[in-house]
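Chain and residue survey
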Amino acid sequence: MRVGIVVVSHSARLAEGVCEMAAQMAPDVAIHPAGGTEEGGIGTSFDKILAAATNANGGAGVVILYDLGSAKMSADLVAEMEDGVRVVDAPLVEGTMAAAVTAQGGADIDAVAASAGGPAQAEPARAPVALATARVFTLQNPLGLHARPAARLARIASEHGVALRVGPEGGGLVDARSILAVVALGLRGGATMRIEAEGEKAAAALSAIEVAVRDGFGDAPVARPSSTHAAVPGLAIGPIRRLRAAEPIVPEVSGDPATEAKAFERALAHVGRELGREHTDLAEAHRLLLSDPELLTATQTAIASGLAAAPAWWRSVQHARNGLLQSTDTLVAGRAMDVVDVGLRVLAQLTPDTVKVDATDFQSAIVLADDLTPSMVGQLADAGVAGIVLAQGGATAHSVVVARGRGLPMLVRMGELAGVPDGAMAILDGDRGALVVTPASDLLAEARARQLAAVAAHMVALETAHAPVTARDGRTIVVAANVASLAEAHLARERGADAIGLLRTELFFVDKANLPTEDEQMAQLAGILAAFPEREVTIRTLDVGGDKDIPALGLDAVIHGFLGLRGLRHSLAHPEILRIQLRAILRAAASWKGTLSVMAPMVTTADDVLAFRAAVADAARSLEGQPHRRPDHIGIMVEVPACAVAFDSMAAHVDFVSVGTNDLVQYMMAAERTNASVANWYQPDHPAIWRTLEGLVQSAAGRKVAVCGEIAAKPEFARRLVALGIAELSMAPSSIPAIKAVLRAELCANVPAGPRQT
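- An unreviewed UniProt entry lists the protein under the name Phosphoenolpyruvate--protein phosphotransferase, from Pendulispora rubella.
- Per UniProt, the protein has the following entry under Subcellular location (unreviewed entry): "Cytoplasm".
- Checking UniProt for the protein, the heading Cofactor (unreviewed entry) contains the comment "Mg(2+)".

What follows is the structure, given as structure tokens:
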């Protein structure tokens, strides 16, 4: 007869998921869910809790765990009516796991309730015990001592009748019977773990642990767990689907032979550079295909005859593919896909609009791809995919920006993953940077419980996301959104954005074969402005170069690299492009009622600022007699260290600044943010960064200082930024509810009375 357990949640799925996972660890314990309302909605039901408690009570009592504060009231009523029912205030998932394992061992209700209540304190570090009952193990499974391995240690202790203490080598040890305490150690794959065992069967218990460690505690293989792969946080669970490109339709249009030949050469060079950076045998084979005489000669001949580069190239690729497919040698025929693959990459540079994704059965799937353009990410998000895993890519690439804006978990730089079968169930962990393929059922249940708990926490944060955040000193902290499209603008409103702190305009250009016209830009801008009536919208002018390539501009990797002609430098070198964009902005805002702010990226000197202001004035003058509106504020991005350190020399010429921390960190630390080999030096928490930010706030002399880089969306940095005096934090829409909740809870006076989060 064992103590029973009831899991109460506002979500039926969450309660069932937690029970499913706990049952894996305690198969002999009665564990019953009581989630949702009688009607199947979000909420709790007294009758459902009472029924679950009655069914779970075999005579030894019942422990009830709950998710949110309002559920406690119903649970307490049940405890008052039923004998032997104990309500425990504990983290729902971890507490249930701990209680279940303790109950499995036959403990009484006091011990079960106590085990759920929280991790035990680690004992002080002790001198190593020179006994045969102490061993050190190196954890083999990448996820280390998560809940299931911790439960296995507890079972080994129970089965052998011994006392186990576990902890890092040289550190404090905790009682292995407390799953919470073991999980709280945070021991991951590769860490050394010391275990001390006491009892007659201590040696046998350590031998059993040795087997479990060697077996990786039964964890499924995890593909390269590392924070360097984590691009967009979140958890996705679903079948693997490999990206398929739809057969492109390339119109047979003509073009000027000289112009088309240059476009073809630029496309080949661009793809060649991309492949050269991938450093794989497959990439090298594809790079050689770019110089294949058969493909090149046929394409160049067609271009010389007057055919445009895109149809000329695709005609050659199709001819080569069909020839290979006719071979009876399967190895030769298999190379047809290589030709198509590299052919599509070149075609995407020549005419991006023709390269589409075939997302027919991608609903709720985890998509594997070599790399994606931003528009492809948007197509996949619209198709309802659960997450994305890229073999290449970088954490600050445009495709990642789009995924983050759509709240789509993503991993990057994961390699080819050639052995992962299409259709296999997988867990994408965007927080830990891991992909778990064909996970064990208990690991899958644990992931589902985490996913549901995250959903519940998000729902709580969303309830108060639309309220402003006011600090104890009376300041209003603006939590704004970074957006690049109308879809993201609508999402930003839904998630409670106070304003748009960064409207990226380069995505209007990035997937276009030709530069968008003034009218096309104006139409896109007007749509986004309309989504934020009577709010502030800050529009950044074209930020190209570095890792932001625009096929229509024919950028060079060196000339327009991170230290080259990029951002405002490129715009000032091409005033006609800047003038068209500024005119489109001023026209789009003509009848809009919000606050219009315009800012320039990659500013270095005061002369840059004056040149930008002159361009804005010139655009406004050119629109005299036409509906338009001058900006309310003109500002700059602070990304270059010289600008940050000597801001006082240009402060008089700007109305506000917004710190682009992604670039500021890479320039200050001399660590390119897209170069994984120097990732260890890319440190947003380095003292040099924060001293610079502090100096910038002081030299701003009352002008608004905002931050629109990645660090604004990280709770640990958001707190420091607000404490520093930053007035506005701008981030991906999906991050806004959580950041507002964090700021209210820890820094502000207007903490809404709300339910407790799990």
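**A short note on the overall build of the protein**
- Scanning the protein from N- to C-terminus turns up 27 helices and 25 strands.
- Counting all 758 residues of the protein, 52% fall into the buried class.
- Put simply, 71% of the contacts in the protein that link residues at least 6 apart link residues at least 24 apart.

**So, the environment of Glu 169**
- With respect to the helices, strands and loops of the structure, Glu 169 is situated in the loop between strand S6 (163-168) and strand S7 (174-175).
- Placed 25 residues apart in sequence, Glu 169 and Arg 194 show a C-alpha to C-alpha distance of 5.1 Å.
- Apart from residues lying up to four places away in sequence, Glu 169 is in contact with Val 136, Thr 192 and Arg 194.

**Brief notes about helix H25 (residues 687-699)**
- In this model, H25 (13 residues) spans 18 Å end to end at C-alpha, consistent with the 18 Å of a helix rising 1.5 Å per residue.
- Considered for burial, the residues of H25 that qualify are Ile 689, Trp 690, Thr 692, Leu 693, Leu 696 and Val 697. Looking straight down H25, one finds its buried side chains confined to an arc of 160 degrees; they lie on one side. Every exposed residue of H25 that faces more than 90 degrees away from the buried side is listed here: Arg 691 and Gln 698.
- Buried-residue contacts for H25 involve strand S22 (633-638), helix H23 (641-645), strand S23 (656-659), helix H24 (661-669), strand S24 (704-707) and helix H26 (715-724).

**A word on the pattern of salt bridges**
- Throughout the structure, instances matching the rule amount to 28 salt bridges.
- Linking Arg 432 and Asp 429 is a salt bridge whose minimum nitrogen-to-oxygen distance equals 3.6 Å.
- Judged by relative accessible area, which is 30%, Arg 432 ranks as partly exposed.
- For Asp 429, a relative accessible area of 4% gives the class buried.
- Where Asp 473 meets Arg 475, a salt bridge forms, and the shortest distance between an N and an O atom there is 3.0 Å.
- The exposure class of Asp 473 is exposed, given its relative accessible area of 55%.
- With a relative accessible area of 28%, Arg 475 lands in the partly exposed category.
- Each of the salt bridges in this network shares a partner with another, and the network as a whole consists of Glu 506, Arg 540, Asp 543, Arg 566 and Asp 663.

**Re the sheet that holds strand S3 (residues 62-66)**
- Strand order in the open sheet formed by four strands is S2-S1-S3-S4, and the pairing between neighbours is parallel. Both edges of this open sheet fall to strand S2 (31-35) and strand S4 (85-88), since each of them pairs with a single strand only. Strand after strand, the sheet turns through a mean of 20 degrees between neighbouring axes, direction not considered.
- In the sheet, S3 pairs with S4 via four bridges, with the strands oriented parallel.

**Some thoughts on the side chain of Thr 96**
- Relative to the helices and strands, Thr 96 is located in helix H4 (residues 92-104).
- Dropping the residues within four chain positions of it, Thr 96 is found in contact with Ile 5, Val 7, Val 18, Ala 22, Leu 65 and Pro 91.

**Concerning the packing of aromatic side chains**
- Counted by the stated rule, this structure contains two aromatic pairs.
- We note Lys 704 situated over the ring of Phe 656; from NZ or CZ to the ring centre the distance is 5.4 Å.
- Residue placement shows Arg 720 over the ring face of Trp 690; its charged tip is 3.9 Å from the ring centre.

**A closer look at the sheet that holds strand S8 (residues 192-198)**
- With antiparallel pairing, the four strands of this open sheet are ordered in space as S5-S8-S6-S7. In the strand order of this sheet, the two ends are held by strand S5 (134-138) and S7, each with one partner.
- Strands S5, S6 and S8 of the sheet are contacted by helix H8 (residues 202-214), whose axis makes an angle of about 0 degrees with S5.

Rules of the game
- Residues numbered from 1 in each chain as written.
- Predicted model: local features only at pLDDT ≥ 70, side-chain atom pairs only at ≥ 80, totals over all residues.
- Heavy atoms only, no water.
- UniProt positions renumbered as here; feature names shortened; annotations may be inferred.
- Helix = DSSP H or I, 4+ residues; strand = E, 2+ residues; numbered from the N terminus.
- Buried < 20%, exposed > 50% of the residue type's maximum accessible area, 1.4 Å probe, protein only.
- Contact = heavy atoms within 4.5 Å.
- Expected span 1.5 Å × (residues − 1).
- Arc of directions from axis to C-beta.
- Salt bridge = Lys/Arg side-chain N within 4 Å of Asp/Glu carboxyl O.
- Pairing = 2+ DSSP bridges.
- Axes fitted to C-alpha atoms, helices over the stretch in contact; angles between N-to-C directions.
- Phe/Tyr/Trp six-rings, centres within 6.5 Å; stacked < 30°, edge-to-face > 60°.
- Lys NZ or Arg CZ within 6 Å of the ring centre and 35° of its normal.

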